[in-house]
Amino acid sequence: MIDLALLERHGLTRDEYDRIVRTLGRAPNETELGIFSVMWSEHCSYKSSKVHLRRLPTRGPRVLQGPGENAGAVDIGDGLAAVFKIESHNHPSFIEPYQGAATGVGGIIRDIFTMGARPVALLNSLRFGPLDRPLTRRILEGVVAGIGGYGNSIGIPTIGGEVAFEPGYAGNPLVNVLCLGIARRDALVKGRAAGEGNPVYYVGAGTGRDGIHGATMASAEFDERSAEKRPAVQVGDPFMEKLLLEACLELMKTDALVGVQDMGAAGLTCSTSEMAARGGAGMEIDVALVPQRESGMTPYEIMLSESQERMLLVVKAGREAEVARIFEKWDLHAVKIGVVTGGGLLRVKDQGEDVAVAPTAALVDEAPVYERPMQEPAYLREVQALEPAMLTDARPPEAAFLALLETPAIASKRWIYRQYDHMVRTNTIVLAGMGAGVVRVKGTTRALAVSVDGNGRYGYLDPERGAMLAVAEAARNVACAGAVPIGATNCLNFGNPERPEIMWQFARAVDGITAACTALGIPITGGNVSLYNETDGRPIDPTPVLGVVGLIEHAERALGRVFRAAGSAIVLLGENFGELGGSEYLKTVQGLVRGRPPRLDLARARALQGLVAALAADGLIQSAHDCSDGGFAVALAECAFDSGGVGAVVDVAGASLEAPYDLAAATLFGESASRVIVSVDPAQLEATLACAAAAGVPARAIGETGGAHLIMAVDGVVAIDCALAEAERRWATGLDRFFAGRAA
Amino acid sequence: MRFAVVVFPGSNCDHDAYHAVKHVLGAEAAFVWHKDTDLAGADVVILPGGFSHGDYLRTGAIARFSPVMASVAAFAAAGGPVIGICNGFQILLEAGMLPGAMLRNRGLKFLCEHVHLRVERTDTPFTALCSEGQVLRLPIAHGDGNYYAAPAVLAALEAEGRVIFRYAGPDGRVSDAGNPNGSLNNIAGICNEARNVVGLMPHPERACEAALGSADGLVVFRSVVASLAGKGALRAVAREA
């Protein structure tokens with residue numbers, strides 16, 4: 001009996017139910033209802049976001065695979081492809097931080113190796129509530145341990161990431177994970193089923209009752225009863241996935257495989273219907289053949305389980321023995337559970353009896369698409385107003401500087417990244433914490449740089465500009481490593497799309513990404529949308545996270561943030577407008593989250609990004625670091641930290657102020673975009689400045705490296721003169737102090 | 001000169017060891033699957049790092065039962081040089097080829113970072129080209145690297161000069177500050193009585209190229225090549241290094 005309460009439990013509306021009835025020409029049974037509900041959930045169908053995502057630029061000369069497959073792929077030369085995608089695991093990570101984060105890592109790794117790529121690097125973007133809350137520390141420790149526990153075990157280095165702490169994430173942390181893989185470009189594998197009569201194999205862990213309706217959970221808000229949803233979080237087994245990874249890559253070297261897809265969200269339901277739909281085929285499976293680790297499971301439970309580490313493979317008929325031999329080598333059992341059929345139907349049987357029949361196209365391509373109403377949030381105009389009189393904390397620049405260095409958003413993330421194996425596979429040539437993550441591509445001269453960036457405060461104050469700035473920052477970071485950005489993936493974390501204000505934020509953010517990626521020449525090759533990030537009616541800050549992949553032609557020219565020696569010239573590229581809106585300085589020192597985030601001139605951003613990559617490629621510069629959170633002063637300090645005690649003496653020009661703010665504070669801590677600090681051998685200074693002039697990028701030699709202090713003057717007046725050791729101590733212990741007295 | 005790199009299910013530094021000895025050192029290398037018993041004519045056996053069998057039950061506890069381990073034990077008994085790195089060291093402990101056990105790091109967290117090691121002995125095939133007291137900068141990456149042995153065993157190890165590497169500061173001074181995991185006597189690596197089987201927690205194979213942040217680990221593999229080539233050749237390799 002299907003009633004409204006049952007529909008509600010499935011997260012379906014009455015209209016959606018009627019649509020199912022029209023599609024089938026009859027009422028669905030409960031198994032079919034479950035199948036439709038997960039396939040039409042926000043998580044699987046993108047029903048609220050689809051109309052907006054169509055605007056994203058997805059084409060480019062290097063794009064081999066855009067959105068729609070398990071991951072995107074771009075050409076990196078030498079017959080190779082970089083395969084990458086970012087995905088969220090926000091909801092599970094709040095309910096059970098360790099397993100939530102661990103299975104997030106496991107899921108994105110499967111998306112990469114199902115494309116035929118060897119995963120070579122992981123990055124993550126994390127958001128938590130303020131660290132002084134015990135709950136935040138518990139979630140942070142669990143998430144970090146979970147990411148490490150999975151990545152370390154499977155042997156894929158976690159080479160970088162970012163983390164921020166804002167009150168809006170206290171009840172809804174964000175865990176976004178990016179995986180990068182390398183494949184031969186002519187051997188990319190698709191997640192499609194084709195060839196009538198070809199066998200369909202199930203391989204990996206047994207199916208249990210864990211994670212049933214995980215996709216539906218990820219498509220609803222949280223409330224105080226969310227802890228009851230713990231059974232909807234899956235448990236990860238990185239060892240099983242390591243075996244699957246090696247066995248699948250070995251199988252892909254043969255030509256026995258037609259297509260493969262992992263069973264992620266919506267498990268067997270999603271993998272069977274998506275593979276069939278992509279291939280324009282049908283599929284018939286018998287759930288009684290599915291390996292199960294619990295007894296008495298119903299077809300409904302088997303189809304909806306989100307047990308981890310399971311794969312669905314379509315193999316060429318006649319090649320079964322080869323497949324069996326490879327999986328047996330790895331002590332895995334590949335079980336034939338069905339066949340590819342013509343006719344476009346997903347037919348699910350239980351011991352030969354039909355238990356669910358539905359057109360795959362209806363499940364995958366004909367899910368409802370909503371143009372949800374949008375409205376600019378009322379809070380926006382109020383919070384965008386920023387007046388000099390609001391800045392009441394008059395502490396001198398040096399005190400503000402030290403306060404910024406130890407604030408968790410800026411402080412060294414060593415406490416986190418030392419828990420991640422960031423060196424396994426011996427490709428990591430810019431180590432974690434030292435700049436963008438950079439991995440060399442063995443067998444070639446090349447390397448890939450990856451950065452993930454986003455700023456929820458910017459998103460809250462101006463979603464469109466915040467999204468543009470996220471693209472520009474990620475691109476700038478890979479450029480600082482010496483790379484030319486060649487592709488991007490995005491993870492869009494927002495609140496409940498059924499609220500017009502949230503939908504407006506989402507649409508504006510997509511506009512921002514579209515504008516920035518188009519102008520900077522960086523195609524989006526895939527990504528993930530995570531909506532309903534709300535707890536007890538409080539949405540998170542709009543948080544688009546961008547992962548940008550860049551190509552370095554000569555790996556030995558890769559750069560990090562750190563000064564190499566005393567006596568180098570320091571050059572500031574870009575222009576300082578002293579913009580304080582949305583800055584870390586306003587938040588940490590003035591206690592304000594206000595104003596508009598910095599402006600972004602996309603033409604200047606493009607010129608800067610090209611210049612920095614070219615300076616690195618030509619070997620003209622020794623280090624490069626972008627100015628972001630905390631502005632110029634923090635960026636300069638970060639160039640000196642981890643250098644083994646190489647300080648700096650600089651004199652910068654005062655910013656041209658838009659309002660009468662304190663000149664030193666605005667100049668040193670304002671977060672104007674498109675600025676990079678580079679260090680240069682004095683013999684190369686002239687050539688460096690000439691390149692900048694030719695590229696149309698403002699550049700000024702502002703001082704030199706060396707000494708045991710960080711000395712910063714503004715228009716000749718010293719504003720900060722601080723012992724490097726003291727500054728570095730504050731920065732290095734900024735996170736650790738919250739875990740003091742506990743295990744190191 | 002041929003290195004065998006044993007691959008257990010869950011090994012994940014197998015490719016790194018292979019790369020280091022084959023592409024950096026220029027020796028021959030072959031992978032040996034854990035179910036095989038033929039060591040492929042190897043002159044040196046490497047048990048690489050990773051999470052064999054997921055480290056389930058206990059680190060190295062299941063891998064020691066792999067068919068290949070009987071061959072490795074026979075190879076070692078015949079005097080063949082064997083090195084266990086990280087998980088490989090843990091497997092050698094579980095197999096009883098080296099004494100002691102690994103506990104969780106004292107901070108209870110997995111740690112990946114560069115540490116400094118002092119070379120205590122140069123009379124093993126894997127340290128022959130080192131000088132005593134030499135400081136090597138190598139990465140660690142483990143959660144269970146806190147070396148423990150019963151007091152009598154520990155005393156014997158020390159008395160017999162079987163502690164090969166100790167965690168130290170950059171200046172080579174052995175102190176608690178340089179001990180990342182709580183290992184007794186700052187022990188990072190030991191050898192067996194015959195001195196041909198060596199286990200260490202840090203990863204020399206991850207430190208064979210300057211591009212990776214340190215090339216200090218290469219001496220470990222050069223040493224075994226030199227040792228096997230005999231004393232005359234040893235000096236030649238030393239000059240080359």
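Bear in mind that the values here come from a model prediction, so they are computed numbers and not experimental data.

Some details on the sheet that holds strand 23 (residues 621-626) of chain A
Residues and elements named next belong to chain A. The seven strands are arranged 23-25-22-26-24-27-28 in an open sheet whose pairing can be described as mixed. Edge positions in the sheet fall to strand 23 and strand 28 (717-723), since each has one partner strand and no second. Along the sheet, successive strands turn relative to each other by an average axial angle of 20°, direction set aside. Across five bridges, strand 23 lies against strand 25 (residues 676-680) in antiparallel orientation. Paired with serine 623 across the bridge in strand 25 is serine 679. Running over the sheet, helix 23 (residues 631-640) touches strand 22 (569-573), strand 23, strand 24 (648-652), strand 25, strand 26 (699-705), strand 27 (709-714) and strand 28 and is turned about 155° from strand 27.

Details of helix 3 (residues 30-39) of chain A
Residue and element names in this part refer to chain A. Taken across its 10 residues, helix 3 has nine buried, putting it largely inside the fold. Residues of helix 3 that are buried include every one of Thr31, Glu32, Leu33, Gly34, Ile35, Phe36, Ser37, Val38 and Met39, and no others. Between the side-chain oxygen at the start of helix 3 and the backbone nitrogen of threonine 31 there is a gap of 3.1 Å, and the oxygen is on asparagine 29.

Examining the interface of chain A and chain B
Each partner contributes residues to the interface: chain A has 34 residues there, and chain B has 28 residues. Buried area between chain A and chain B, summed over both chains or domains, comes out near 2600 Å², and the portion from carbon and sulfur atoms is 58%. In terms of surface lost to chain B, no three residues of chain A exceed Phe239(A), Arg418(A) and Met423(A), which account for 22% of the buried area on that side. For the pair chain A and chain B, the number of links is six salt bridges. For Glu113(B), the salt bridge identified is with Arg418(A), shortest N-O distance 2.9 Å. Counting residues per element, the ones that place at least two in the side of chain A that touches chain B are helix 8 (134-154), helix 10 (238-252), helix 13 (320-329), helix 17 (414-417) and strand 14 (428-430) of chain A. Grouping the constituent residues of the side of chain A that touches chain B by class yields 13 nonpolar, eight polar and 13 charged.

What about the sheet that holds strand 3 (residues 80-88) of chain A?
All names here are of chain A. Strands sit in the order 1-2-3-6-4-5 across an open sheet of six strands; the sheet is mixed. Each having just a single partner strand, strand 1 (63-65) and strand 5 (158-165) make up the two edges of the open sheet. Each adjacent strand pair in this sheet contributes to an overall mean axis angle of 25°, direction not counted. Bridge analysis of strand 3 against strand 6 (residues 174-184) gives nine bridges, and the strand direction is antiparallel. Note on strand 6: the bridge partner recorded for alanine 82 is isoleucine 182. Along the sheet, helix 7 (residues 97-113) contacts strand 3, strand 4 (118-128) and strand 6; its crossing angle with strand 6, the most-contacted strand, is approximately 25°.

Observations concerning the confidence of the model for chain B
Residue and element names in this part refer to chain B. Mean pLDDT for chain B: 95, with 95% of residues reaching 70 or above. The low-confidence segment residues 231-241, where pLDDT is below 50, has 10 contacts with residues more than four positions distant or belonging to other chains. Predicted complex, confidence summary: ipTM 0.94, pTM 0.95.

A few points about unusual backbone geometry
Residue and element names in this part refer to chain A. Although it is not a glycine, tyrosine 46 sits at a positive phi angle of roughly 55°. Mapped onto the fold, tyrosine 46 is located in the loop between helix 4 (42-45) and helix 5 (50-53). In this structure, tyrosine 532 is a non-glycine residue whose phi angle is positive, near 60°. Here tyrosine 532 lies in the loop between strand 18 (524-530) and strand 19 (534-535). Relative accessible area serves as the criterion here: at 6%, tyrosine 532 is assigned to the buried category.

Topic: empty space enclosed by the protein
All names here are of chain A. Going through the model one piece at a time under the given rule, you end up with four cavities of 30 Å³ or more. The calculated volume of the second largest cavity comes to roughly 120 Å³. Forming the walls of the second largest cavity are 16 residues, and the residues nearest its centre are Tyr458, Leu469, Glu473, Arg476 and Ser628. No other element matches helix 19 (residues 463-480), which puts six residues into the lining of the second largest cavity.

Quick notes on the packing of helix 20 (residues 500-520) of chain A against helix 22 (residues 602-617) of chain A
Residues and elements named next belong to chain A. Between helix 20 and helix 22, the shortest axis-to-axis distance is 9 Å and the interhelical angle comes to 45°. With respect to their mutual orientation, helix 20 and helix 22 come out oblique. Every pair of crossing elements has a handedness; the one defined by helix 20 and helix 22 is right-handed. Touching Ala515, Ala516, Thr518, Ala519 and Leu520 of helix 20 are Leu602, Ala605, Arg606 and Gln609, all from helix 22. Its residues placed into classes, the contact of helix 20 with helix 22 shows six nonpolar, two polar and one charged.

Digging into the nonpolar core
Core analysis: the biggest nonpolar cluster contains 70 residues, and Phe3(B), Val45(B), Ile46(B), Leu47(B), Val72(B), Tyr147(B) and Phe165(B) have the highest contact counts within it. Top element by residues in this core is helix 5 (residues 218-240) of chain B. It accounts for seven residues. Apart from the residues within four sequence positions on either side, Ile46(B) is in contact with Phe3(B), Ala4(B), Val5(B), Val6(B), Ala17(B), Val21(B), Ile83(B), Ile85(B) and Phe221(B). Grouped together as the second largest cluster of nonpolar side chains are 67 residues, Val144(A), Cys179(A), Phe239(A) and Met252(A) included.

A short note on the packing of aromatic side chains
Under the counting rule described, the total for this entry stands at 11 aromatic pairs over all chains. Seen from their ring centres, Trp415(A) and Phe739(A) are 4.0 Å apart, and the 10° between their planes marks the pair as stacked. Here Phe739(A) lies in the segment after helix 26 (724-732) and Trp415(A) lies in helix 17, a separation of 324 residues in the sequence. Of the two residues examined, Trp415(A) and Phe739(A), each falls in the buried class. Seen from the ring of Trp40(A), Arg19(A) lies directly overhead, with NZ or CZ sitting 5.8 Å from the centre. Note that Arg64(B) overlies the ring of Phe65(B), its terminal NZ or CZ placed 4.5 Å from the centroid.

Let's talk about the environment of Glu16(A)
Residues and elements named next belong to chain A. Mapped onto the fold, glutamate 16 is located in helix 2 (residues 14-24). Accessibility expressed as a relative area gives 2% for glutamate 16, which makes it buried. Setting aside chain neighbours within four positions, we find glutamate 16 in contact with Gly11, Trp40, Lys47, Pro368 and Tyr370. Only 2.9 Å separates the side chain of glutamate 16 from the side chain of lysine 47, close enough to count as a polar contact. A polar side-chain atom of glutamate 16 sits 2.6 Å from a polar atom in the side chain of tyrosine 370.

Calculation rules
Residues numbered from 1 in each chain as written. Chains lettered and ligands numbered in written order. Predicted model: local features only at pLDDT ≥ 70, side-chain atom pairs only at ≥ 80, totals over all residues. Heavy atoms only, no water. Pairing = 2+ DSSP bridges. Helix = DSSP H or I, 4+ residues; strand = E, 2+ residues; numbered from the N terminus. Axes fitted to C-alpha atoms, helices over the stretch in contact; angles between N-to-C directions. Contact = heavy atoms within 4.5 Å. Buried < 20%, exposed > 50% of the residue type's maximum accessible area, 1.4 Å probe, protein only. Polar contact = N/O pair within 3.5 Å; in protein donor to acceptor, adjacent residues only side chain to side chain. Buried area = accessible area lost by both parts, 1.4 Å probe. Salt bridge = Lys/Arg side-chain N within 4 Å of Asp/Glu carboxyl O. Nonpolar A, V, L, I, M, F, W, Y, C, P; charged D, E, K, R; others polar. pLDDT = per-residue confidence, 0-100. 1 Å grid on protein atoms, 1.4 Å probe; cavity = no way out; pocket = protein on both sides within 12 Å on 5 of 7 lines; lining within 4 Å. Points joined across faces, edges and corners; volume = space filled by probe spheres on them. Parallel < 35°, antiparallel > 145°, perpendicular 65-115°, else oblique. Left-handed = near helix turned anticlockwise from the far one by under 90°. Core = buried A, V, L, I, M, F, W, Y, C linked by side-chain atoms within 4.5 Å. Phe/Tyr/Trp six-rings, centres within 6.5 Å; stacked < 30°, edge-to-face > 60°. Lys NZ or Arg CZ within 6 Å of the ring centre and 35° of its normal.

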